[in-house]
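# Examining the three-dimensional arrangement
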Amino acid sequence: MSELFDAVDALVASRSALPSAAERKRLRTAHGLTLDEVAAALKVRRATVSGWESVKKPVEPRGPEREAYARLLRQLAELYPTPEEPAVPVPGTPAATRVPGRTEAPPTGPAVEEAAAPATGNTPPSVSAPGATASATAPRPARATGPASTSHRPGVRKAAPAGAPASVEPRFENGPLAVVDADADGRVSAYCTGGLVLDVPAKSLAALMEWTLREARLGQARRAGPGKDADPLLVLTESALERYGLPTALNDEERLAGRIPENHKVVKQLVRAQWKLTKRGFGPWARVYRPAQGSERACVQLCVPSWHALDARHWGATAQLPPAELARVLGLYASRVMTPRGSTAVTGLELMTALHPPTRASEPDAAGRRHSEHNPGSLGKDPVDCAPCEAPDGHPLLKDLPRFHVRGPGEKLFEEAYDWARPMTDDECTLRHLVGIDVNMAFAAGANGLNVGLGAPTRVKEPAFDPKLPGSWLVDLSHVDLSKVKAGKEWVELDGSLLPSPFTPKGDRPEGPSWYATPTVAYAVELGYEVRPLEAYVRHENGRYLDGWYQRLRDAYLATMADLGVVPDMPPADFLRAMDGYKDRDPQLAVVASAVKATVKGGLGKLRERPRGEGWKPGQPWRALSRPTWRPDIRAAVISRTRINLHRKIVKHAAFTGQYPVAVLSDCVVYAANGESPLDFLPYRDGKPLPGGFKLGVNPGLVKHEGTQSVLWGEEVRDRFDAPDLNLARYIKDGTVTDVDHGE
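Now for a description of the structure that goes with this document. Keep in mind that this is a model prediction, so the values were computed, not measured.

Turning our eyes to something else, we now look at the overall build of the chain. Within the chain one finds 21 helices and 22 strands. For the chain, with 744 residues in total, the buried portion stands at 51%. A total accessible area of about 35,300 Å² is found for the chain, and carbon and sulfur atoms account for 52% of it.

Here's what the structure looks like:
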């Protein structure tokens with residue numbers, strides 16, 4: 001009889017109801033699990049689990065895998081219940097509450113956006129029609145007389161800001177951040193996302209910290225199951241700085257030190273109130289905290305725009321925006337990326353850790369207690385030494401080298417972005433235009449799906465090359481001849497003199513053994529050539545550490561561009577029209593898009609952060625080396641793959657059209673053409689691009705129009721500076737050349 005019961009149980013389990021594909025993914029990511037981890041546990045392929053979570057083409061599990069998968073989802077659902085549906089947003093632009101008897105300031109700029117939240121995972125975010133974003137101001141509210149209230153709210157629940165999660169935890173119901181401002185009478189307001197304005201009763205900065213943690217309900221939920229919630233962020237305007245006794249600008253000495261002095265009266269005030277500052281002190285981005293009590297954190301982040309906290313290269317004139325509009329820009333970035341933790345570079349690095357926390361709680365031991373243990377798929381909590389070839393100049397591993405020794409490619413891994421150009425041919429000089437195309441989010445696309453090392457390197461002599469094993473390889477690639485390569489499955493003949501080498505940033509053909517990252521060596525094999533490494537530093541503990549990071553930033557970028565009227569899968573001509581002047585449709589949204597792109601490049605750059613002053617001398621360790629996220633090997637692998645991705649498209653294009661690039665700079669490629677548009681040289685047939693070649697579109701890895709200048713302009717500039725190899729890609733956008741090209 002028991003066999004019959006087992007058969008019945010198996011039959012029921014085989015038809016177990018499973019949640020939707022989106023919910024399956026939510027549960028997995030909530031617990032911090034990767035697709036690889038789930039696939040390994042269920043003994044299936046990674047692509048199989050990805051198919052179970054696919055919204056576009058859902059695949060249902062069958063047999064014993066379905067039963068095990070259903071069991072996993074049930075346990076995760078108990079840990080992470082489905083969030084409650086938010087209240088229906090109020091139509092139109094949310095604004096702060098009107099108070100009877102007082103008037104409001106007239107509108108002066110863009111308002112809080114009311115777009116749908118972006119989708120996560122591999123599905124593109126929902127897209128609004130071009131121009132659908134509202135443009136009106138969230139006016140400053142009038143104030144009620146009498147005792148200060150805690151907030152000015154509409155009678156119904158406020159609409160969630162664009163990009164916010166489907167449900168907001170009550171403890172963070174006022175959003176991730178607030179812009180603190182004071183009026184002429186000294187009354188202080190906190191401008192939150194969604195148009196909400198809170199009255200701030202705090203009379204001192206120490207009291208402001210207390211109010212933030214006890215009453216403001218600011219913060220952001222963790223990005224992964226084992227992670228930590230984001231601390232609340234307060235952005236202090238100049239009037240708020242004056243109100244709380246802080247300078248509105250740093251003097252020269254303070255600017256060089258990056259902080260106000262420790263004997264400043266406000267710093268002393270914080271110390272007296274039992275608050276502490278991190279080692280970086282009270283600077284443009286400050287962290288004020290008290291030691292944690294159990295699992296409760298007591299930490300507030302401060303951002304001071306007038307102290308140059310917001311780099312104008314990425315944030316534009318955001319620092320000069322009125323409080324409500326400043327809250328809109330930073331709040332949208334926070335909801336789509338994460339609460340800023342410093343510069344865009346710092347935030348990019350912190351996002352990696354937030355998605356893969358170094359530790360997690362263990363299973364209960366015999367006494368029922370849990371302990372902290374390593375979180376699989378993370379970089380751990382302790383730093384690891386890089387390989388000697390991966391170490392930048394001045395690293396402690398190189399302290400025994402002679403003082404003025406210059407390492408060559410046989411001693412140093414040199415994976416950087418392209419900076420290559422060549423003289424134009426006679427045929428190219430007969431054409432009329434130089435057209436530049438730029439790869440969208442090129443380095444993010446290079447990180448997508450990339451297998452990187454998670455642990456320390458292992459040195460191997462004369463290894464067999466394994467394209468799936470991340471590491472650094474000493475190998476001679478000088479025999480690779482670009483005049484005859486494999487493009488796909490077929491050998492093609494090209495003019496190799498008109499192509500940059502894929503193996504060096506300057507595009508020169510390598511000479512003798514050099515150090516390369518795995519993607520570079522794998523590309524030599526892809527081109528049809530044998531490789532025989534002499535030595536390698538490989539990382540047997542590895543994984544797709546950057547996948548979640550890429551997906552988060554991709555979704556943030558696509559959602560923001562969609563709000564600006566540029567959506568995925570547009571016909572090429574429509575895409576070019578949509579991109580023309582897109583920044584003018586909503587300059588504040590354009591700033592968010594710029595900040596997202598800067599987060600990608602800056603975050604990757606932080607993986608190999610160099611020493612910055614502080615009395616450092618070559619051979620001595622510097623502060624960044626103490627981080628587990630100081631990983632020059634990961635940075636090198638991403639840059640290598642990005643450069644290889646670009647070269648692969650260049651080869652495909654040359655094999656099909658006979659056209660060769662005139663210049664390549666990082667992610668921008670310049671071609672000579674008879675027309676001013678990319679469509680005048682990109683091979684589209686019936687609206688479809690060349691497979692494996694350049695494709696116009698907004699998605700990461702696709703290209704957009706960077707700029708067009710005349711061939712005469714290019715020749716005149718090179719003649720003016722007597723530089724026949726001047727990299728025209730650097731100036732193709734607006735044609736302005738102020739000095740001879742010395743590289744970046």
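Turning to the packing of helix H11 (residues 323-336) against helix H16 (residues 547-563), a few remarks are in order. Remark: H11 packs on H16, axes separated minimally by 9 Å, with the N-to-C direction vectors making an angle of 135°. One way to sum up the angle between H11 and H16 is to call them oblique. From H11, Ala334, Ser335 and Arg336 reach across to H16, where they touch Arg552, Ala556, Ala559, Thr560 and Asp563. Split by residue class, the contact of H11 with H16 holds 3 nonpolar, 2 polar and 3 charged.

This paragraph deals with the sheet that holds strand S11 (residues 433-439). Ordered in space as S10-S20-S21-S11-S22, the 5 strands form an open sheet in which the pairing is antiparallel. The open sheet terminates on both sides in strands that have one partner only, identified here as strand S10 (419-421) and strand S22 (703-710). Here the strands of the sheet are splayed against their neighbours by 20° on average, with no regard to which way each runs. Helix H20 (residues 632-657) contacts S11, strand S20 (663-665) and strand S21 (668-673) of the sheet and is inclined by roughly 15° relative to S21.

A separate point is the sheet that holds strand S18 (residues 535-538). The 4 strands are arranged S13-S18-S14-S17 in an open sheet whose pairing can be described as antiparallel. Each edge of the open sheet is held by one strand with a lone partner, namely strand S13 (458-461) and strand S17 (513-517). Each strand of the sheet is rotated relative to its neighbour by a mean of 20°, with strand direction disregarded. The pairing of strand S14 (residues 471-476) with S18 spans 4 bridges and is classified as antiparallel.

The next thing to look at is H20. The end-to-end C-alpha separation of H20 is 37 Å, in line with the 38 Å expected for 26 residues at 1.5 Å each. Summarising burial for H20: 19 of the 26 residues are buried, a large majority. Among the residues trailing H20, Gly658 stands out with phi positive, at a value near 80°.

Before going further, it helps to spend a moment on helix H3 (residues 35-42). Within the span of H3, buried status applies to Leu35, Val38, Ala39 and Leu42. Axial view of H3: buried residues confined to an arc of 100°, hence all on one face. In H3, the exposed residues that point more than 90 degrees away from the buried face are Ala40 and Ala41. Of the surrounding elements, those touching the buried residues of H3 are helix H2 (21-30), helix H4 (46-52) and helix H5 (63-79). Where H3 ends, the next residue or the one after it, Lys43, has phi of about 60°, a positive value.

Looking now at the pairing of strand S3 (residues 197-200). Neither face of S3 is exposed, since Val197 and Asp199 on one face and Leu198 and Val200 on the opposite face are all buried. As judged from the 4 bridges shared by strand S2 (residues 188-192) and S3, these two strands associate in the antiparallel manner. Bridging from a neighbouring strand, Val188 pairs with Val200 of S3. Hairpin connection from S2 to S3: 4 residues lie between these consecutive antiparallel strands, with Gly194 at a positive phi of about 80°.

Under the criterion given, the structure shown has 11 aromatic pairs. Taken together, a centroid distance of 5.8 Å and an interplanar angle of 40° make the contact between Trp515 and Tyr537 tilted. Placement of the pair is Trp515 in strand S17 and Tyr537 in strand S18, with a sequence separation of 22 residues. Both residues of the pair, Trp515 and Tyr537, belong to the buried class. A cation sits over an aromatic face here: Arg290 above Trp275, 3.9 Å from the ring centre.

Moving on: the pattern of salt bridges. Scanning the entire structure with this criterion turns up 42 salt bridges. Between Arg341 and Glu350 there is a salt bridge, with the nearest N and O atoms lying 3.5 Å from each other. Of the charged contacts in the structure, one is a salt bridge between Asp438 and Lys704, with a shortest N-O distance of 2.7 Å. Of this pair, Asp438 sits in strand S11 while Lys704 sits in strand S22, and the two are 266 residues apart along the sequence. The pair Asp438 / Lys704 is uniform in exposure class, with both members buried. Three or more residues joined by partner-sharing salt bridges are found here, namely Glu390, Arg539, Arg631 and Asp633.

Another point: unusual backbone geometry. With a phi angle near 45°, Met441 is a residue other than glycine that sits in the positive phi range. Of note, the phi angle at Glu462 is positive, near 45°, even though the residue is not glycine. Here Glu462 shows up in the loop between S13 and S14. Using a relative accessible area of 66% as the deciding quantity, one classes Glu462 as exposed.

Quick look at the nonpolar core now. The tendency in soluble globular proteins is for nonpolar side chains to be buried side by side. In this structure, Trp549, Met561, Val566, Val596 and Phe694 are the most contacted members of the largest nonpolar core, which totals 111 residues. Ignoring sequence-local partners within four residues, the contact set of Val596 consists of Tyr333, Val337, Met441, Leu553, Ala556 and Tyr557. Formed by 36 residues, the second largest nonpolar core is a distinct cluster that contains Ala182, Leu218, Leu250 and Leu270.

Calculation rules
- Throughout this description, residue numbers start from 1 for each chain and increase along the sequence as written.
- Local features in this predicted model are restricted to residues whose pLDDT is 70 or higher, and side-chain atom pairs enter the listing and the counts only when it is 80 or higher, whereas totals over whole chains, interfaces and linings include all residues.
- Where side-chain values are given, they derive from all heavy atoms of the structure, hydrogens and water being excluded.
- For the purposes of this entry, the term helix denotes a DSSP run of H or I that reaches at least four residues, the term strand denotes a run of E that reaches at least two, and both are numbered from the N terminus.
- In this scheme, a residue with accessible area under 20% of its type's maximum is buried, one over 50% is exposed, and one in between is partly exposed, where area comes from a 1.4 Å probe on protein chains only.
- Per-residue accessibility takes into account occlusion by the displayed protein chains alone, with areas from the Shrake-Rupley method and a 1.4 Å probe.
- Fitting a line to C-alpha atoms yields each axis, with helices limited to the stretch in contact; the angle taken between N-to-C directions then spans 0 to 180 degrees.
- Roughly parallel means an angle under 35 degrees; roughly antiparallel means over 145; roughly perpendicular covers 65 to 115; every other angle is labelled oblique.
- Here, two residues are considered to be in contact whenever any of their heavy atoms come within 4.5 Å of each other.
- Residues are grouped as follows: nonpolar covers Ala, Val, Leu, Ile, Met, Phe, Trp, Tyr, Cys and Pro; charged covers Asp, Glu, Lys and Arg; every other residue, Gly included, is treated as polar.
- When DSSP finds two or more bridges between two strands, those strands count as paired.
- What a helix should span is 1.5 Å times the count of its residues minus one.
- Each direction from the helix axis to a C-beta atom contributes to the arc, which is the arc of those directions.
- When the centres of two rings from Phe, Tyr and Trp lie within 6.5 Å, Trp using its six-membered ring, the rings pair. Their planes under 30 degrees apart give stacked, over 60 give edge-to-face, and anything left gives tilted.
- We call a charge positioned above a ring when the Lys NZ or Arg CZ atom is no farther than 6 Å from the ring centre and deviates by at most 35 degrees from the ring normal.
- What makes a salt bridge here is a side-chain nitrogen of Lys or Arg within 4 Å of a carboxyl oxygen of Asp or Glu, nothing more.
- We define the nonpolar core as a collection of buried residues of types Ala, Val, Leu, Ile, Met, Phe, Trp, Tyr and Cys that are connected through side-chain atoms lying within 4.5 Å of one another.

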